[in-house]
Amino acid sequence: MESIARLRAAVRALGDVDVSGWDDSTLTDHLDELSRALCGLDAELTRVADAVRARGFRIDEPRAA
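Bear in mind that the values here come from a model prediction, so they are computed numbers and not experimental data.

1. What about the overall build of the chain?
Broken down by element type, the chain carries two helices and zero strands. Compactness check: the chain gives a C-alpha radius of gyration of 15 Å against a globular reference of 11 Å for 65 residues, more than 25% above the reference. Along the longest, intermediate and shortest principal axes, the C-alpha atoms of the chain span 45 × 25 × 25 Å. Residue burial in the chain is summarised as follows: out of 65 residues, 2% are buried. Accessible surface for the chain amounts to roughly 6200 Å². Of this, 56% is attributable to carbon and sulfur atoms.

Spelled out as structure tokens, the structure:
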């Protein structure tokens, strides 16, 4: 299903983001943009999860291998 593939691609893309190597100046310079992106992601993830839950389904975390 294309939607699942797009969600997996988003997860992979986020996995490539590593702000731990950013110096404080870089983080400060991009904090507003980063905050907007993170809040947007949170809102969309919440929207999708709420739609699943509204249909009576649970969202379970995968078990550790």
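2. Examining the pattern of salt bridges
Per the counting criterion, the structure on display carries four salt bridges. The residue R6 makes a salt bridge to E2 at a minimum N-O spacing of 3.8 Å. On the criterion of helical spacing, the pair formed by R6 and E2 is a turn pair, its members being four residues apart in helix α1 (residues 2-15). Between D50 and R53 there is a salt bridge; the shortest N-O distance is 3.7 Å. A residue pair is termed a helical-turn pair when its members lie 3 or 4 positions apart in one helix, as D50 and R53 do in helix α2 (residues 24-54) at three residues.

About the thresholds
- Residues numbered from 1 in each chain as written.
- Predicted model: local features only at pLDDT ≥ 70, side-chain atom pairs only at ≥ 80, totals over all residues.
- Heavy atoms only, no water.
- Helix = DSSP H or I, 4+ residues; strand = E, 2+ residues; numbered from the N terminus.
- Rg over C-alpha atoms; globule rule 2.2 N^0.38 Å.
- Buried < 20%, exposed > 50% of the residue type's maximum accessible area, 1.4 Å probe, protein only.
- Areas by Shrake-Rupley, 256 points an atom, 1.4 Å probe, with all protein chains shown as cover.
- Salt bridge = Lys/Arg side-chain N within 4 Å of Asp/Glu carboxyl O.

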